[in-house]
Amino acid sequence: MTATGLITAREAVRLIKTGDTVMVGGFGLVGAPLTLIDALADHSDATDLTVISNNIGEPGKGLGKLLRQGRIRRGISSFFTSNPEAVAAVNAGEMEATLLPQGTFAEAIRAGGAGIGGFFTPVAAGTLLAEGKEERLIDGVPHVLESPIRADVALVFAARADTLGNLWYRHTARNFNPLMATAARIAIAEAGEIVPAGELEPESIVTPHLYVDYLVARP
Amino acid sequence: MSPVSDPKTLIAARAAQELYPGEVVNLGIGIPNLIPEHLGADTKIFLHTENGLLGVGPRPTEDELDPDLVDAAKRPITALPGASYFDSASSFAMIRGGHVDVAVLGALQVSERGDIANWAIPGKDVMGVGGAMDLVVGANRVVVTMISTTPSGEAKLVRECTFPLTAREAVDIVVTEHAVFRFRDGSLVLTELLGGATVEDVDRVTEASYTVDLEG
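Figured I'd write up the structure that's included with this text. Everything quoted here is computed from the prediction, not taken from an experiment. (Residues numbered from 1 in each chain as written. Chains lettered and ligands numbered in written order. Predicted model: local features only at pLDDT ≥ 70, side-chain atom pairs only at ≥ 80, totals over all residues.)

Some words on the pairing of strand 12 (residues 187–193) of chain B
Residue and element names in this part refer to chain B. Quick note on the threshold: Pairing between two strands requires that DSSP report at least two bridges joining them. The helix count covers DSSP runs of H or I at least four residues long, the strand count covers runs of E at least two residues long, and both are numbered beginning at the N terminus. The crossover handedness rule: strands pointing away from the viewer, path from first strand over the helix to second strand clockwise, crossover right-handed.
Relative to strand 12, strand 11 (residues 179–184) is paired through six bridges, and the arrangement is antiparallel. Bridge assignment links Ala 179 to a residue of strand 12, and that residue is Leu 193. Count of turn residues in the strand 11/strand 12 antiparallel hairpin: two residues, of which Asp 185 carries a positive phi of about 50°. Note that strand 12 and strand 13 (residues 211–212) share two bridges and pair parallel. Within strand 13, the position partnered with Leu 190 by the bridge is Val 212. After leaving strand 12, the chain enters helix 4 (residues 199–204) and then returns to the sheet as strand 13, a path that is right-handed.

Some words on the environment of A:Ile109
Residue and element names in this part refer to chain A. Here is the rule: Any residue pair is listed as a contact if its two C-beta atoms, each placed from the backbone, are within 7 Å.
Within the fold, Ile 109 resides in helix 5 (residues 102–114). Taking the C-alpha atoms as reference, Ile 109 lies 8.7 Å from Phe 176; in sequence the two are 67 residues apart. Those residues within four positions of Ile 109 in sequence are excluded, and the remaining contacts are Ile 149, Phe 176, Leu 179, Met 180 and Ala 183.

Side note on the interface of chain B and chain A
Counted only if it meets this: All amino acids are sorted into three groups, where Ala, Val, Leu, Ile, Met, Phe, Trp, Tyr, Cys and Pro are nonpolar, Asp, Glu, Lys and Arg are charged, and the leftover types, Gly among them, are polar.
Each side of the interface is counted separately: chain B has 32 residues, and chain A has 35 residues. Residue assignment for the side of chain B that touches chain A shows that the elements contributing at least two residues are helix 2 (88–96) and helix 3 (132–138) of chain B. With five residues, the top contributor of residues to the side of chain B that touches chain A is helix 2 of chain B. Taken together, the residues of the side of chain B that touches chain A sort by class into 16 nonpolar, seven polar and nine charged.

Comments concerning unusual backbone geometry
For clarity, the threshold we go by: Here the C-beta atoms are placed from the backbone, and a residue counts as buried if at least 20 other C-beta atoms lie within 10 Å of its own, exposed if 12 or fewer do, and partly exposed otherwise.
At A:Ala124, a residue that is not glycine, the phi angle is positive and equals roughly 80°. On the secondary structure map, A:Ala124 appears in the loop between strand 6 (119–121) and strand 7 (135–138). A positive phi angle, near 65°, is found at B:Lys74, a position not held by glycine. Under the C-beta neighbour-count criterion, B:Lys74 is labelled partly exposed, with 15 such atoms within 10 Å.

Have a look at this one:
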């Protein structure tokens with residue numbers, strides 16, 4: 001899509017339906033699309049969600065809000081531990097958890113957005129996290145087959161967007177955001193600032209606008 | 001040099017000597033994070049943090065605090081001149097692709113073959129691995145910094161890891177408060193004694209079998 005629509009956070013979260021898989025950017029709360037997450041928690045009834053995010057927020061913050069509402073059926077993350085309530089929910093059988101090494105998690109999303117059907121990585125070979133996965137020796141080194149990850153909707157944050165939906169990220173708030181913008185049927189970017197097209201230097205654009213379907217201004 | 005009493009400081013100071021000018025280094029949480037204090041002002045070592053920065057600088061002053069600038073432990077940092085930012089897939093491509101020279105990290109157990117367990121304790125939650133597996137598999141050199149025993153006195157250099165593995169045969173160097181060990185051709189070798197320890201002292205807190213080949 002090339003005509004990126006500017007919509008409100010409430011309109012954005014209406015695009016998320018019960019049973020959907022939702023990708024959410026951010027490393028903890030750094031670079032997380034907090035306006036969109038809050039709108040999802042406060043103005044949407046969508047439940048039974050699969051959430052793909054490096055962490056499940058913090059207690060009562062970010063995705064931690066959604067978790068407290070019991071709306072996350074399954075989490076796919078590299079570090080649930082940063083929210084003890086997420087760990088408790090898994091132990092209580094209230095949420096399924098799929099744990100991936102962080103680099104595998106990132107690469108699986110990249111692959112999902114890039115049309116790659118899977119990849120072999122040496123990471124996790126011979127460990128608990130390789131159980132049930134195909135292993136293959138490549139140049140004598142055990143590798144594990146990992147599958148791509150895609151979502152129905154991606155919620156990402158960028159410090160700056162232009163009106164076409166080109167995105168620029170700031171410092172370490174970039175993290176998983178550019179990857180997730182590529183790997184969902186609908187990508188919604190929350191932007192700290194929205195400038196006219198042409199004002200971002202073309203060379204500084206990290207996410208070209210063809211990935212972005214909707215823009216939401218952070219208030 | 002003044003005597004170092006705190007074992008963690010001793011370990012960090014010794015581990016710092018394993019890093020060389022021009023190297024790209026990723027420091028884990030805990031003792032590795034004490035290493036920058038022992039690197040000196042102009043070490044030409046480039047610190048990489050897996051959440052997307054090459055060129056980590058010192059801790060920020062209050063005025064320099066920036067919510068968009070954190071390390072992998074989500075603590076505030078600064079970025080040095082010449083630093084660069086990248087997304088998480090690129091960051092781990094650097095790690096797996098062998099572009100990060102050294103990973104320094106803590107461990108719960110290291111086996112005599114160089115297996116490492118540092119992300120989960122059996123019977124407790126096994127729900128946070130972060131970048132640990134990627135780092136120990138990908139970095140060209142893996143330096144483990146750890147106190148030689150658990151708080152209850154059990155050896156952490158063991159024959160076989162009983163905790164969930166992070167990776168097999170991945171460790172190159174282990175620095176404890178008593179000694180430096182190196183893996184040579186897959187075998188554990190005690191190469192240096194620290195803090196006035198004797199081989200007998202080391203033996204008391206080491207379950208793994210090793211040979212002794214003291215340097216110097």
